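Working through the structure, step by step
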Amino acid sequence: MRDVQDVLSRLRRSPFRSGIRLQKKELEYLRNKGMEEVLQHAADFIQKRLASANPANDGKQTPWHNHPAFVAQHATATCCRGCLQKWHQIPKGRALTEEELQYIIELIGTWLSQERDAAEKRKTGYTGHTS
Ligand SMILES: [Zn+2]
């Protein structure tokens, strides 16, 4: 199976993908709702917008803002079937498997926790040298 950390480090080398950040509102939403609930929403979005063999409006089905999961989908290239094929070798034209759905949620969850931690460090002025 695909390796989440490996894929995330490839994504970080893409100027486009690595430039995608959570905005203040989306970070607050993540803090207020908690990771578990946000990932439940993510699973729901993926199920409705991406999981079928031929999703409606493929390539345009994922908004850019207003939910942390949407932002994470763009950052992790799990926003449409084209990106899933290009970045994750998940072929278009067939429904996603349960294993692929779990992989996508894991990617989104890992990216969101990294974003949340990075934002915390910016806020507290943490530099990595506290002593
Ligand atoms: Zn896409």
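What comes next is a walk through the structure.

**Overview of the side chain of Thr 76**
- Relative to the assigned elements, Thr 76 resides in the loop between helix H5 (68–75) and helix H6 (81–88).
- Taking relative accessible area as the criterion, Thr 76 reaches 0% and is therefore assigned buried.
- Discounting residues that sit within four places of it in the chain, Thr 76 has contacts with Leu 8, Leu 11, His 88, Leu 107, Ile 108 and Trp 111.

**Here's the deal with the packing of aromatic side chains**
- Counted under the stated rule, the structure contains two aromatic pairs.
- Their ring planes at 70 degrees and their centres at 6.1 Å tell us that Phe 16 and Trp 64 sit as a pair that is edge-to-face. Taken together, the positions of Phe 16 in helix H2 (residues 15–18) and Trp 64 in the loop between helix H4 (35–49) and H5 put the pair 48 residues apart, joining distant regions of the chain.
- Relative accessible area serves as the criterion here: at 48%, Phe 16 is assigned to the partly exposed category.
- Judged by its relative accessible area of 42%, Trp 64 falls in the partly exposed class.
- Centre to centre, the rings of Phe 45 and Phe 70 are 4.4 Å apart; their planes meet at 25 degrees, and the pair counts as stacked. Residue Phe 45 is located in helix H4, and its partner Phe 70 is located in helix H5; the two are separated by 25 residues in the primary sequence. Residue Phe 45 shares its accessibility class with Phe 70, and that shared class is buried.

Reading the values: the criteria
- Residues numbered from 1 in each chain as written.
- Predicted model: local features only at pLDDT ≥ 70, side-chain atom pairs only at ≥ 80, totals over all residues.
- Heavy atoms only, no water.
- Helix = DSSP H or I, 4+ residues; strand = E, 2+ residues; numbered from the N terminus.
- Buried < 20%, exposed > 50% of the residue type's maximum accessible area, 1.4 Å probe, protein only.
- Contact = heavy atoms within 4.5 Å.
- Phe/Tyr/Trp six-rings, centres within 6.5 Å; stacked < 30°, edge-to-face > 60°.

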